[in-house]
Amino acid sequence: KQEVTQIPAALSVPEGENLVLNCSFTDSAIYNLQWFRQDPGKGLTSLLLIQSSQREQTSGRLNASLDKSSGRSTLYIAASQPGDSATYLCAVRGGMRSGANNLFFGTGTRLTVIP
Amino acid sequence: DVKVTQSSRYLVKRTGEKVFLECVQDMDHENMFWYRQDPGLGLRLIYFSYDVKMKEKGDIPEGYSVSREKKERFSLILESASTNQTSMYLCASSPTTGPLIPLPRGYTFGSGTRLTVV
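A few points on the structure. (Residues numbered from 1 in each chain as written. Chains lettered and ligands numbered in written order. Predicted model: local features only at pLDDT ≥ 70, side-chain atom pairs only at ≥ 80, totals over all residues. Heavy atoms only, no water.)

Structural notes on the packing of aromatic side chains
To be explicit about the condition: Aromatic rings from Phe, Tyr and Trp, taking only the six-membered ring of Trp, are treated as a pair when their centres fall within 6.5 Å; an angle between ring planes under 30 degrees marks them as stacked, one over 60 as edge-to-face, and anything in between as tilted. Strands are runs of DSSP state E lasting at least two residues, helices are runs of H or I lasting at least four, and both sets are numbered from the N terminus onward. Residue exposure (1.4 Å probe, protein chains only): buried if accessible area is under 20% of the type maximum, exposed if over 50%, otherwise partly exposed.
Inspection of every chain in the model, using the stated rule, returns nine aromatic pairs over all chains. An angle of 75 degrees between the planes, with centres 5.9 Å apart, marks the rings of A:Phe105 and B:Phe109 as edge-to-face. Note that A:Phe105 is positioned in strand S10 (residues 103–105) and B:Phe109 in strand S10 (residues 108–109), a pairing that runs across two chains. Assigned by exposure class, A:Phe105 and B:Phe109 land together as buried. Grouping aromatic residues by their ring pairs yields a cluster made of A:Phe36, A:Phe105, B:Phe33, B:Tyr35, B:Phe48, B:Tyr107 and B:Phe109.

Section: the interface of chain B and chain A
Note the cut-off: In this description, contact between two residues means that some pair of their heavy atoms is separated by no more than 4.5 Å. A simple way to read buried area is as the amount of 1.4 Å-probe accessible surface that goes missing from two parts once joined, with both sides added. Here, a salt bridge means any side-chain nitrogen of Lys or Arg that lies within 4 Å of a carboxyl oxygen of Asp or Glu. By the criterion applied in these results, polar contacts are pairs of N or O atoms within 3.5 Å in which, for protein atoms, one can donate a hydrogen and the other can accept it, and in which residues neighboring in sequence qualify only through two side-chain atoms. Three categories are distinguished: nonpolar for Ala, Val, Leu, Ile, Met, Phe, Trp, Tyr, Cys and Pro, charged for Asp, Glu, Lys and Arg, and polar for the others, with Gly belonging to the last.
On the side of chain A, 20 residues touch chain B, which itself brings 26 residues to the contact. Summed over both partners, the interface of chain B with chain A comes to about 1700 Å²; 54% of that surface belongs to carbon and sulfur atoms. Our count for the contact surface shared by chain B and chain A stands at zero salt bridges. Linking chain B to chain A there are four residue pairs in polar contact (both at pLDDT 80 or more). Grouping the constituent residues of the side of chain B that touches chain A by class yields 14 nonpolar, nine polar and three charged.

As structure tokens, then:
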């Protein structure tokens, strides 16, 4: 079964710093990988979606990369702001072995950006 | 924008009650999902549906059932609520692949329902 791990579990950085969140997965046969943001007590907001054939996606200050063969993805946040404080979740959509309708989540990285 | 709407943000129910959680999406997506989220356990799939009247068990279906009578609506039912079903419940939808959508698309989530069973 697909296992998704996110490191670190929590991260505090001063405002303005660039930072990287890490995600790893055990089964490289995936359809895509999606990064979400979750504010306390709220639902998930999709940030970026990378298809298995792609290597990266960018949206504003966010850049996500995917190395399918090594089972890794990173989310790069440039010039962090206090409003970026949230939990960031990585999820992979299963491939042939896991089922195409299964979305496997990591437990998230809780980011705090200190003003 | 795709919208997935969950009817209640907060619910408090008594043990043994039958509880309905409603989810509606407005983008004609075929696939709909119910997850629960608990601290330290992350998101776990309860049930999903890939078409009207179709349903599939996820990882933790025990104690739950679902209903999908219309494409846009997917209901999660707790037949007899118990305290261990206190959780955040999240609904999601996604389109299926096909000639117009050759690659699997991402999921869109609702804002969640925080259910407390007392």
